[in-house]
Amino acid sequence: EAVGPQVVQELRDDAILAILLSLFAVVMYIRVRFAEYSFGFAAVIALVHDVLVTLGFLALAIGSGLINAQISLVMIAAFLTIIGYSLNDTIVVFDRIRENRPRMKGSLREVIDRSINQTLARTILTSVTTLLAVLILFLFNVGTRNDLEGFAFAVIVGVLVGTYSSMFVASPSLLLLETRREAKLAELAAKESDTKEPAAAAS
């Protein structure tokens with residue numbers, strides 16, 4: 001019924017460590033799968049966005065008395081669930097971008113737009129079905145002052161946020177990172193060609 005300050009601090013530290021380790025694992029997994037760090041970092045940017053927005057809505061709901069919840073291990077489980085859900089949706093979009101990139105003409109921006117449009121129906125259907133299940137869980141537990149009330153509310157917000165973040169946060173982040181990476185590669189190639197030209201002229 002009561003948890004001491006030292007135990008609370010340990011639980012908080014363990015929760016932060018669990019989230020950081022999961023984000024690190026995400027970067028490593030996507031690096032292996034997509035052979036580029038840009039995809040992993042873009043996914044992590046979207047996941048951090050999802051967790052922070054969900055945490056903000058949760059704080060507003062608790063402060064306004066809409067739900068009765070607290071940041072506990074159950075809530076940390078909700079955040080990890082949100083990370084997993086959002087990551088799955090993001091990887092679907094990224095996988096389509098990877099497939100389309102070598103076989104489509106046009107800029108990376110156009111490839112990303114086309115890939116999002118191709119996966120949009122799947123994203124909406126998955127989100128709606130997941131949202132219905134979690135919404136029912138929330139309706140049956142709202143006002144009961146148990147852990148499932150806060151868990152269900154957090155996952156509802158996380159599903160909504162994760163749905164748009166894969167399109168409007170992860171994909172633009174990928175475009176920004178890839179544009180910067182290609183610009184650096186072009187700059188390095190230009191420097192190498194400049195150093196080779198004087199050497200060729202001297203010989």
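Please refer to the structure higher up on the page.
Residues numbered from 1 in each chain as written. Predicted model: local features only at pLDDT ≥ 70, side-chain atom pairs only at ≥ 80, totals over all residues. Heavy atoms only, no water.

(A) Representation of helix α4 (residues 108-141) in the model. The sharpest bend along α4 measures roughly 45° and falls at T119. Taken residue by residue, α4 has L108, V111, I112, S115, I116, T119, T123, S127, V134, F138 and N141 as its buried positions. A positive backbone phi angle near 90° is found at G143, which sits one or two residues after α4. (Bend = angle between axes of the 7 residues up to and from the residue. Helix = DSSP H or I, 4+ residues; strand = E, 2+ residues; numbered from the N terminus. Buried < 20%, exposed > 50% of the residue type's maximum accessible area, 1.4 Å probe, protein only.)

(B) Structural context of the packing of helix α3 (residues 73-100) against α4. Relative to each other, α3 and α4 sit at 150°, their axes nearing to 9 Å. One element, α3, and the other, α4, form an angle in the roughly antiparallel class. Taken as a pair, α3 and α4 cross one another with a handedness that is right-handed. For the pair α3 and α4, the contacting residues are Y85, N88, D89, V92, V93, R96, I97 and N100 in the first and V111, I112, S115, I116, Q118, T119, R122, T123, T126, S127 and T130 in the second. Looking at the contact of α3 with α4, its residues break down into seven nonpolar, nine polar and three charged. (Axes fitted to C-alpha atoms, helices over the stretch in contact; angles between N-to-C directions. Parallel < 35°, antiparallel > 145°, perpendicular 65-115°, else oblique. Left-handed = near helix turned anticlockwise from the far one by under 90°. Contact = heavy atoms within 4.5 Å. Nonpolar A, V, L, I, M, F, W, Y, C, P; charged D, E, K, R; others polar.)

(C) Quick look at the environment of I124. Checked against the element boundaries, I124 lands in helix α4. Judged by relative accessible area, I124 falls into the partly exposed class, the value being 43%.

(D) Structural context of the packing of helix α2 (residues 37-63) against α3. One way to put it is that α2 packs onto α3 with a least axis distance of 9 Å and a crossing angle of 140°. For the element pair α2 / α3, the angle class is oblique. Here α2 runs over α3; the crossing is right-handed. Touching F39, A42, A43, L47, D50, V51, T54, L55 and L58 of α2 are M75, F79, I82, I83, S86, L87, T90 and F94, all from α3. Taken together, the residues of the contact of α2 with α3 sort by class into 13 nonpolar, three polar and one charged.

(E) Here's a closer look at the nonpolar core. Counting 50 residues, the largest nonpolar core has I30 and F94 as the members making the most contacts within it. Contributions of two or more residues to this core are made by α1 (5-34), α2, α3, α4 and α5 (147-202). For this core, the element with the most residues is α5, which contributes 13 residues. (Core = buried A, V, L, I, M, F, W, Y, C linked by side-chain atoms within 4.5 Å.)

(F) Representation of the pattern of salt bridges. Counting across every chain of the model gives nine salt bridges. A salt bridge links E36 to R181; its shortest N-O distance comes to 3.5 Å. Of this pair, E36 sits in the loop between α1 and α2 while R181 sits in helix α5; the two residues are 145 residues apart in sequence, bridging distant segments of the chain. For R181, a relative accessible area of 31% corresponds to the partly exposed category. In this structure, the salt-bridge partner of E99 is R96, at a minimum N-O distance of 3.6 Å. (Salt bridge = Lys/Arg side-chain N within 4 Å of Asp/Glu carboxyl O.)

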